[in-house]
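# Survey of secondary and tertiary structure
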Amino acid sequence: SHSHSALSMSGKYGKDTAAELPPFETLEEYTNYLMEASALPQGFSVGSAVGKFIPEEAPSMGSLPIKGTIIHLTDGPTDSWAAVFTQNKFPGSPIYVGRSRLSSGKPIQTIVINNKVSNVCSGGDGIANSELVCEAVASALDLEGGATSVLPSSTGV
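Quick notes on the rules
Residues numbered from 1 in each chain as written. Predicted model: local features only at pLDDT ≥ 70, side-chain atom pairs only at ≥ 80, totals over all residues. Heavy atoms only, no water. Core = buried A, V, L, I, M, F, W, Y, C linked by side-chain atoms within 4.5 Å. Buried < 20%, exposed > 50% of the residue type's maximum accessible area, 1.4 Å probe, protein only. Helix = DSSP H or I, 4+ residues; strand = E, 2+ residues; numbered from the N terminus. Patch = residues over 30% accessible without salt bridge, like charges linked within 9 Å, V, L, I, M, F, W, Y side chains within 5 Å. Areas by Shrake-Rupley, 256 points an atom, 1.4 Å probe, with all protein chains shown as cover. Salt bridge = Lys/Arg side-chain N within 4 Å of Asp/Glu carboxyl O. Phe/Tyr/Trp six-rings, centres within 6.5 Å; stacked < 30°, edge-to-face > 60°. Axes fitted to C-alpha atoms, helices over the stretch in contact; angles between N-to-C directions. Parallel < 35°, antiparallel > 145°, perpendicular 65-115°, else oblique. Left-handed = near helix turned anticlockwise from the far one by under 90°. Contact = heavy atoms within 4.5 Å. Nonpolar A, V, L, I, M, F, W, Y, C, P; charged D, E, K, R; others polar. Pairing = 2+ DSSP bridges.

### So, the nonpolar core
Grouped together as the largest cluster of nonpolar side chains are eight residues: Ile70, Val112, Cys134, Val137, Ala138, Leu143, Ala147 and Val150. In terms of residue count, helix H3 (residues 126-141) provides more of this core than any other element does, three residues in total.

### Topic: a nonpolar patch on the surface
On the surface, Leu40, Phe44, Val46 and Ile71 cluster together into a nonpolar patch covering about 330 Å² of accessible area. When its relative accessible area of 51% is taken as the criterion, Val46 is described as exposed.

### Some remarks on the packing of aromatic side chains
Taken as a whole and judged by the stated rule, the model has two aromatic pairs. Seen from their ring centres, Phe24 and Tyr30 are 5.2 Å apart, and the 70° between their planes marks the pair as edge-to-face. Judged by its relative accessible area of 32%, Tyr30 is partly exposed. With a centroid separation of 5.4 Å and 55° between ring planes, the pair formed by Phe24 and Tyr33 is classed as tilted.

### A word on the packing of helix H2 (residues 93-104) against H3
The interhelical angle for the contact between H2 and H3, taken along N-to-C directions, is 65°, at an axis separation of 8 Å. Between H2 and H3, the angle falls in the class roughly perpendicular. As H2 runs across H3, the sense of the crossing is right-handed. Here Ser93, Pro94, Tyr96, Val97 and Arg101 of H2 come into contact with H3, specifically with Gly126, Ile127, Ser130, Glu131 and Cys134. Considering only residue class, the contact of H2 with H3 consists of five nonpolar, three polar and two charged.

### Re unusual backbone geometry
One non-glycine residue with positive phi stands out, namely Asp142, at about 55°. In this structure, Asp142 sits in the loop between H3 and strand S4 (150-154). The class for Asp142 is exposed, based on a relative accessible area of 70%.

### Looking at the sheet that holds strand S3 (residues 110-114)
Pairing is mixed across the open sheet formed by four strands, whose spatial order is S1-S2-S3-S4. Two strands lie at the open edges of the sheet, namely strand S1 (44-53) and S4, each paired on one side alone. The mean inter-strand angle of the sheet, taken between neighbouring strand axes irrespective of direction, is 20°. As paired elements, S3 and S4 share five bridges and run parallel to each other. Bridge assignment links Ile111 to a residue of S4, and that residue is Leu151.

In structure tokens form, the structure reads like this:
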């Protein structure tokens, strides 16, 4: 038996998920539990995708796994947003793109977060790569505001 933990989230029935999840026999049982125990705020959706990449700065590492997560405003873009960025003197490319988005004052509709790569010392044009990710998300979601309505973030973990 595997032990899984969950974040405490207020669900549609006003209860929180347990700190320790019960065992599940089927995917359907697990999905039903999640649907009953948690819900996103109205107007939000989330999604994720997995992939592989070869780091330009370390190609000898070969193909590595990566996961992208999005948080999407289903009711359209908003210009009521703010962001807090690292104070690191050597931030990753998504930070530069994010700061540019914030200073532009334009609305955003989606946040895309990748893990595994903080995009520091990318060995190539990290800003262009970050913009490419934003363009792909905007295209996949058919965002009216295009790539500039996507805020990139990277965990580096």
